[in-house]
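# Close look at the chain arrangement
Here are the chains, one letter per residue:
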Amino acid sequence: MSRAVAIEVSHLGKTYDKIQAVDDLSFQVFTGEIFGLLGPNGAGKSTTLRILITLLHPTSGSAKIFGLDSVKDADRVRQTIGYVPQERAIDRFLTGREHLELLADLYHLSSEAASTRIPHLLKLVELEQHADRPAKTYSGGMKRKLDIACGLLPDPKILFLDEPTLGLDVQSRLRIWDHVRDMRDRGITVVMTTNYLDEADRLCDRIAIIDSGRIKALGSPTELKVGLGGDVVSLTVGEHDRVDALAAAVKNLPAIRAVMIKPNGLDIRVDSPEKALPAILEAANRLTCQLEFIDYHRPRLDDVFIAHTGRSIKDDQPKEDDQ
Amino acid sequence: MTSRRKTINNEYWDPTEIFMKEYWQEIRALTMRWIRRLSREKFSMLFTLVQPMLFWLIFFGNLFQRAADMQVTQASSYISFLTAGVVVMTVLNNGLAGGVDLLFDKENGFLERLMSTPIHRSSVILSRFIFVMTLTSMQVLVILAVAWLFGVQPVTGLLGVATILFIGMLFGVGLTAISMAMAFSVKSHGDFFSVLGFLSLPMIFLSSALVPLSAMPGWMGFLAQFNPMTWAIDAVRPLILQGWTEALPHVGMVIVVMVMFDALCLYGGARAFRRAIG
Ligand SMILES: Nc1ncnc2c1ncn2[C@@H]1O[C@H](COP(=O)(O)OP(=O)(O)O)[C@@H](O)[C@H]1O
Ligand SMILES: [Mg+2]
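Residues numbered from 1 in each chain as written. Chains lettered and ligands numbered in written order. Predicted model: local features only at pLDDT ≥ 70, side-chain atom pairs only at ≥ 80, totals over all residues. Heavy atoms only, no water.

The secondary structure content of chain A amounts to 12 helices and 14 strands. Projected onto the principal axes, the alpha-carbon positions of chain A cover approximately 80 × 40 × 40 Å. By residue count, 55% of the 323 residues in chain A fall in the buried class. Considering only contacts in chain A between residues 6 or more positions apart, those separated by 24 or more positions represent 69%. For chain A, the accessible area works out to roughly 14000 Å², and carbon and sulfur atoms hold 49% of it. For chain A, the distance from the average position of its 42 positive side-chain charges to the average position of its 48 negative side-chain charges is 1 Å. (Helix = DSSP H or I, 4+ residues; strand = E, 2+ residues; numbered from the N terminus. Buried < 20%, exposed > 50% of the residue type's maximum accessible area, 1.4 Å probe, protein only. Contact = heavy atoms within 4.5 Å. Areas by Shrake-Rupley, 256 points an atom, 1.4 Å probe, with all protein chains shown as cover. Lys, Arg positive; Asp, Glu negative; His and termini not counted. Charge placed at Lys NZ, Arg CZ, Asp CG, Glu CD.)

For the rest of this paragraph, the subject is the interface of chain A and chain B. Note: interface size is frequently given as the accessible area lost on complex formation between the parts. On the side of chain B, 26 residues touch chain A, which itself brings 32 residues to the contact. The largest contributions to the chain A side of the interface with chain B come from A:Phe93, A:Leu106 and A:His108, which together make up 26% of the buried area. On inspection of chain A and its partner chain B, the count reaches 6 salt bridges. Its salt-bridge partner being B:Arg113, residue A:Asp147 comes within 2.9 Å of it at the nearest N-O pair. Inspection of the chain A/chain B interface yields 12 residue pairs in polar contact (both at pLDDT 80 or more). (Buried area = accessible area lost by both parts, 1.4 Å probe. Salt bridge = Lys/Arg side-chain N within 4 Å of Asp/Glu carboxyl O. Polar contact = N/O pair within 3.5 Å; in protein donor to acceptor, adjacent residues only side chain to side chain.)

All names here are of chain A. On the basis of which strands lie adjacent, the open sheet formed by 4 strands has the order β12-β13-β11-β14 and antiparallel pairing. Of all the strands in the sheet, the pair left with one neighbour each is β12 (256-262) and β14 (291-297). Geometrically, the sheet is characterised by an average inter-axis angle of 15° between neighbouring strands, direction not taken into account. Bridge count between β12 and strand β13 (residues 265-270): 6 bridges; the pairing is antiparallel. (Pairing = 2+ DSSP bridges. Axes fitted to C-alpha atoms, helices over the stretch in contact; angles between N-to-C directions.)

This part takes up helix α9 (residues 243-251) of chain A. Within the sequence span of α9(A), burial applies to A:Val243, A:Leu246, A:Ala247 and A:Val250. Buried residues of α9(A) fall within an arc of 105° about the axis and therefore sit on the same side. (Arc of directions from axis to C-beta.)

All names here are of chain A. For ligand 1, the full set of nearby residues is Tyr16, Ile19, Ala21, Pro40, Asn41, Gly42, Ala43, Gly44, Lys45, Ser46 and Thr47. Tyr16 is positioned such that a nitrogen or oxygen atom in its side chain is 3.4 Å from a nitrogen atom of ligand 1. One of the side-chain N or O atoms of Thr47 is found 2.5 Å from an oxygen atom in ligand 1. Protein chains shield 65% of the accessible area of ligand 1, which is 560 Å² for the free molecule. Listed by contribution, the elements that provide at least two residues to the shell around ligand 1 are β2 (19-30) and α1 (45-52). (Near = heavy atom within 4 Å.)

As enumerated under the stated definition, the model contains 8 aromatic pairs over all chains in all. Seen from their ring centres, B:Phe222 and B:Phe226 are 5.3 Å apart, and the 75° between their planes marks the pair as edge-to-face. B:Phe222 sits in the partly exposed class, given a relative accessible area of 48%. Exposure remark for B:Phe226: the relative accessible area of 58% places this residue in the exposed category. Through successive ring pairs, a cluster of aromatic residues spans B:Phe104, B:Phe192 and B:Phe193. Over the aromatic face of A:Phe66 sits the side chain of A:Lys157, whose NZ or CZ is 5.5 Å from the ring centroid. The cationic tip of B:Arg128 hangs over the ring face of B:Trp34; the distance from NZ or CZ to the ring centre is 4.5 Å. (Phe/Tyr/Trp six-rings, centres within 6.5 Å; stacked < 30°, edge-to-face > 60°. Lys NZ or Arg CZ within 6 Å of the ring centre and 35° of its normal.)

Here the focus is the side chain of A:Ser220. Residues and elements named next belong to chain A. In this structure, Ser220 sits in the loop between β10 (214-219) and α8 (221-228). In this structure Ser220 comes out as buried when scored by relative accessible area, which is 15%. Sequence-distant contacts of Ser220, that is, excluding residues within four places in its chain, are made with Asp205 and Arg206.

Let us now look at the coordination of the magnesium ion (ligand 2). Reference geometry at the metal: tetrahedral coordination by four donors gives ideal angles of 109.5 degrees; octahedral coordination by six donors gives 90 or 180 degrees. Taken together, A:Ser46 (OG) and A:Gln86 (OE1) make up the protein donors of the magnesium ion (ligand 2), found 2.0 to 2.2 Å from the metal. Residue A:Ser46 is located in helix α1, and its partner A:Gln86 is located in the loop between β6 (81-84) and α3 (96-106); the two are separated by 40 residues in the primary sequence. (Donors = N, O, S within 2.8 Å, 3.2 Å for Na, K, Ca; no water.)

Further remarks concern helix α12 (residues 244-277) of chain B. Those residues of α12(B) not exposed but buried are B:Ala247, B:Val251, B:Val254, B:Val257, B:Met258, B:Phe261, B:Asp262, B:Cys265, B:Gly269, B:Ala272, B:Phe273 and B:Ile277. Residues of α12(B) that are buried in the fold lie against α6 (110-115), α7 (123-149), α8 (157-185) and α11 (228-241) of chain B.

Glancing now at the sheet that holds strand β5 (residues 68-69) of chain A. Residues and elements named next belong to chain A. An order of β2-β1-β4-β5 is seen for the 4 strands of this open sheet, with the pairing classed as antiparallel. Edge positions in the sheet fall to β2 and β5, since each has one partner strand and no second. Taken strand by strand, α1 contacts β1 (5-16), β2 and β4 (60-65), and its axis lies near 120° from that of β1.

Formed by 154 residues in total, the largest nonpolar core has its most connected members in A:Ile7, A:Leu38, A:Leu153, A:Phe160, B:Phe171 and B:Met229. Not counting chain neighbours up to four residues away, the residues in contact with A:Leu153 comprise A:Leu100, A:Leu103, A:Ala104, A:Tyr107, A:Leu109, A:Arg117, A:Ile118 and A:Leu121. Core analysis: the next-biggest nonpolar cluster, separate from the first, contains 19 residues, A:Val233, A:Val237, A:Leu246 and A:Ala283 among them. (Core = buried A, V, L, I, M, F, W, Y, C linked by side-chain atoms within 4.5 Å.)

Take the pattern of salt bridges next. A full pass over the atoms with the stated rule returns 33 salt bridges over all chains. With its nearest N and O atoms 3.7 Å apart, the salt bridge here joins A:Arg175 to A:Glu126. Placement of the pair is A:Arg175 in helix α6 (residues 170-185) and A:Glu126 in the loop between α4 (111-124) and α5 (140-152), with a sequence separation of 49 residues. Residue A:Glu126 is classed as partly exposed on the basis of its relative accessible area of 39%. As a salt-bridge pair, A:Asp271 and A:Arg257 come within 2.5 Å of each other at their nearest N and O atoms. Here A:Arg257 lies in strand β12 and A:Asp271 lies in the loop between β13 and α10 (273-286), a separation of 14 residues in the sequence. Residue classification places A:Asp271 among the partly exposed residues on the basis of a relative accessible area of 44%. Using a relative accessible area of 45% as the deciding quantity, one classes A:Arg257 as partly exposed. Connected via shared salt-bridge partners are A:Asp91, B:Arg33, B:Arg37, B:Asp101, B:Asp105 and B:Arg128.

Turning our attention to the confidence of the model for chain A. Residues and elements named next belong to chain A. In this model, chain A carries a mean pLDDT of 89, and residues with pLDDT of at least 70 account for 97%. The element-level mean pLDDT for chain A is lowest in helix α12 (residues 317-321), coming to 42, with α3 highest at 97. Segment residues 317-323 is flagged for pLDDT under 50; beyond a separation of four residues in sequence, or across chains, it makes 9 contacts in the model. (pLDDT = per-residue confidence, 0-100.)

Dropping the structure here:
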């Protein structure tokens, strides 16, 4: 496996007025991988991406793309990257084809190059049928595909995708995932942000979990889950006011690694379930605390997220969706 | 020498030639986009082109024909007096609205997409200037044509019309720069349109567009002197009504005033742009 470094981020920081949006980020992205920035709304994902694509200047630290500085060599960086913004950055009045023609001129492609590449891209994202309709008639999924075609137009070495599937229906999401995998298979390095755990888990080769502008964990989804150690026992408690008492009782039992309190129960990470489970049940019995539901599973990415940030990424998901 | 040259399609190109070729490719593509957007909005295009002359020139001009005192306006008809005002008002409205499309581009992220491409940072702005200036010039020509139907013929002829277009452009550049600066600085488009509405009508009423300064209440006439619009109108009007000898001193003055006005607006615009885009 090639481990050449595509992006080198060191001690990156960005402050807006008084808000510290990104704080001392350091990570590397390797060529040919799908690298994900996973974090809740407002974590600083878009800010990080905007610095990498040279649209924002960092207030501290630096980012190098193929050895080129994002500030000093901004112009050359822009020639090697493609970008798909978080907003549907689409001109309603232009057709799909006109979007690509405009970008072809902005990337200084010759008309011959443009006339071979554009039909190819339209075919790739399955928009040929709709290429000559104004974008205002497109569905959300179609707009997203056009976005991606626009990002691919310069034939980039690195493609940046900001929340590529935000708000899309399940089918469109799966389609976009396929496209992203396809790009990786063709040798493009992909850097994307997401606040969907399953997307990070199933699509990304490596992820950085970021929260409040800082990296909390970094690695492949499998590494992160294994690194957590132990399995997870989830308890749903009938009387919510008993949760704290139960947590206190469980905490000091043998074979227990960590206890996370949720509003309606506990997530308990255990070393060996055959020792821990009877002890937990006995503790609940002793407190006459009624358990409505018991779930036992190998660590999932949401367990990883909770373990590293102290909260669930889903807490603010509804807010995210209606944006 | 050859080491400084790059090859494109196996031909050798001078770096300056490449620069100019790429710059032109960007500006042409971006300008085409503005034109396409306008032409897709058929109704909007119609109203943009027709509204100023319909509303101001035809209605206002004929409505005030009897009410306006020819001794005061020093013109054979109120329409002939008003034509210069409508021409400059069109420049004003187009200029102040010149940043609107960029405002929407900023809000929906399209600007970010444009800026992530390896274009010269100034191309977006320049394309906008070219588009607004061309559109404005066409409208001015239409207004002069409609005025002509009502018997208003610029006495200085075609050269006079060219001079009018030139003055319009000088004024329009500064206004468009203000508008774009605002588009880049405002937090929401609500703010933008409030400021626009707040600026545009007083600019018209506190100028010599509708009545000469001499006929205004003292304080209004005083304020109107500082309005660059007044200077533009005072140069355009004699080009239509009186002739070169009367017009030339005003034309000279307005060029000086507008160069200063433009320098100020472009400086502010460039700062706002740099703050927003980096
Ligand atoms: N232009 C801006 N001005 C001020 N604050 C900003 C700006 N953009 C983002 N922020 C703030 O920076 C933080 C990180 O934002 P962002 O990078 O967009 O997060 P994410 O993409 O992870 O949702 C948030 O608190 C947000 O409010
Ligand atoms: Mg974001």
